[in-house]
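So you can see what is in the structure, the chains are spelled out below.
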There are 2 protein chains.
Amino acid sequence: MPRPTPGFQIEAASEDKRDDAPDIRVDPLDSPLAAGSLFESLRRDLIDGHFVAGEKLVISVLKDRYRVGLSPLREALNRLAAYGLLEQTHQRGFRVPALMQDDLEEIAKMRLELECMALRRAMERGDTEWESRLLAAVHRLRRAEANQLPLHEWEVLHRAFHRTLISPCGSRWLLRFIDQLHDQFDRYRRQAPTNAKIRSRRDDQHYQLAALSIERDQSAAITLMEDHIRFSFEVALAAVNPAVTPD
Amino acid sequence: MPRPTPGFQIEAASEDKRDDAPDIRVDPLDSPLAAGSLFESLRRDLIDGHFVAGEKLVISVLKDRYRVGLSPLREALNRLAAYGLLEQTHQRGFRVPALMQDDLEEIAKMRLELECMALRRAMERGDTEWESRLLAAVHRLRRAEANQLPLHEWEVLHRAFHRTLISPCGSRWLLRFIDQLHDQFDRYRRQAPTNAKIRSRRDDQHYQLAALSIERDQSAAITLMEDHIRFSFEVALAAVNPAVTPD
DNA sequence: CGAATACAGAAAATCGATTTTTTACAAAAA
DNA sequence: TTTTTGTAAAAAATCGATTTTCTGTATTCG
């Protein structure tokens, strides 16, 4: 059964005046991209934890909730399954993957390998334009933290920062795999609690990552990237093992 | 427009007696897994090159060709797009990605990184059971080559060998990404010509790979894996640049 | 004569209904 | 009481029709 999160406040009630539902990103009824935008909506809701891990997704319920027809909905679910954010079993529908410590460890390990590889290449290939965009991205991210912007804004900027950092790595496949792993990782991280200490350390790491990368200090940047991912992993662990929130 | 390959000998003519069409792997009409098996059929036909690279896939044509309804077909296409074997543009359907040298280079580079990583881990973790399965796999593969089994049989055994080689690497994501890259790579390789010399060298490499991996000779095995992928890359290059078939 | 526009045909995307399969529950038998 | 079997409800999967969007062509206007 879906969790009663603020993301789903559309009830069967009033059919008009949807503009005041800030948590729903796209109104599929007005948009001609039902299947495509639905994929994005579902993707985000899955990562945000708006569904209980392990939960079975009942098509007819989703259909009502997102106000779309059967075909675009099933197409979006199929894409999500191919992407790894859903599991599909023949004749018994779609299921949200459970959260398991083994999985999280594996995902973190892969992130470590791939993101360090990407960062190394990015430092070799990045130009002034990249350096500029990176500085801009880290600045936006830190301001969002300092100014206590809503969590969602921060998440968007955080993802943008990491993407910018490795964007000149030269491999679309590498970027694609890392994106996929980030989505998987964030399912855990978003479930884990944070505190000021965690956020502050993370904030520093982001800034230092940008600085060292621009300076082309390869070994220091790579080491920091490893630290950053390991630290995020420690934090995310609390999603599967609530005892171990680090401070 | 689809190429007139033997895979598609079903014309609009006789509506009965489909059993004599050996190249169609599953008859979706008899199977209750239309969408799932259709994904596999399309995946294989895409890798086999039964579609022209860059070609636009017309839904209604595919519908007739594979004899399925619109919904399972579109679901399969969506999954293939998420998987990277098709490109989707909103409101203008699905397209087979073009073959480009840049892409091939990138794919080969990623294969090099990921498969070496996986092989290293597999050698650390593989047990006797793995060694046995690996010997069996390489034996089947070499016998298929020696006995001139049909190409398709060899392709299946070839894929099975590579999968077995790295199977104990301990990371589902790593295996998944490598599988995906193999599919991409094979789109090129299958288009490139081979000769006895190429096949013989490749055959040797497979045998040596198995032997060195079982002996746990890490550096030699990794070096050979690099050679193997580089060599396959050289061969596959002919798919985009017909002048350079190596001998 | 060239560019812009309107039209017609084709194709993609979506919808709602139908079919098939699974699941849950209850009744009967061991 | 427990297991088995039958039945009804629910859900998934598929189908064919409908709607929307695009594309190519021909016609009109500048």
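Computed from a prediction, not measured in an experiment: that's the story for all the values here.

Assigned secondary structure in chain A consists of nine helices and three strands. Beginning at the N terminus, the succession of helices and strands in chain A can be written as α-β-α-α-β-β-α-α-α-α-α-α. Taken over 247 residues, chain A has a buried fraction of 49%. Sequence-distant contacts in chain A: of pairs separated by 6 or more residues, those separated by 24 or more amount to 73%.

Another aspect to go through is the sheet that holds strand β2 (residues 87–88) of chain A. Residue and element names in this part refer to chain A. Read from one edge of the open sheet, three strands run β1-β3-β2, paired in antiparallel fashion. Each of the sheet's edge strands pairs with one partner strand only, and the pair in question is β1 (56–57) and β2. Note that β1 and strand β3 (residues 94–95) share two bridges and pair antiparallel. Paired with Leu57 across the two strands is Phe94, which belongs to β3.

Its location among the elements puts A:Asp183 in helix α7 (residues 172–189). Take A:Asp183: its relative accessible area is 0%, and that puts it in the buried class.

Next up on the list: the relation of the copies chain B and chain A. You can overlay chain B on chain A at an RMSD of 0.0 Å; the transform is a turn of 180° with a shift of 0.0 Å along its axis. This pairing of chains is accounted for by a two-fold axis.

Turning our eyes to something else, we now look at the sheet that holds strand β2 (residues 87–88) of chain B. Pairing within the open sheet is antiparallel, and its three strands lie in the order β1-β3-β2 (chain B). Of all the strands in the sheet, just β1 (56–57) and β2 of chain B have a single pairing partner and so form its edges.

Here we take up the nonpolar core. What tends to happen in soluble globular proteins is that the nonpolar side chains get buried as a cluster. If you look at the biggest cluster of nonpolar residues, it comprises 82 residues, and the most contacted ones within it are A:Leu114, A:Leu119, A:Phe161, A:Leu165, B:Leu114, B:Leu119 and B:Phe161. Residue contacts for A:Leu114: discarding those within four places in its chain leaves A:Leu174, A:Phe177, A:Ile178, A:Leu181, B:Leu114 and B:Phe177.

Here the focus is α7(A). The end-to-end C-alpha separation of α7(A) is 25 Å, in line with the 26 Å expected for 18 residues at 1.5 Å each. For α7(A), the buried fraction is high: 14 of the 18 residues fall into the buried class.

Reading the values: the criteria
Residues numbered from 1 in each chain as written. Chains lettered and ligands numbered in written order. Predicted model: local features only at pLDDT ≥ 70, side-chain atom pairs only at ≥ 80, totals over all residues. Heavy atoms only, no water. Helix = DSSP H or I, 4+ residues; strand = E, 2+ residues; numbered from the N terminus. Buried < 20%, exposed > 50% of the residue type's maximum accessible area, 1.4 Å probe, protein only. Contact = heavy atoms within 4.5 Å. Pairing = 2+ DSSP bridges. Least-squares fit on C-alpha atoms with pLDDT ≥ 70 in both. Core = buried A, V, L, I, M, F, W, Y, C linked by side-chain atoms within 4.5 Å. Expected span 1.5 Å × (residues − 1).

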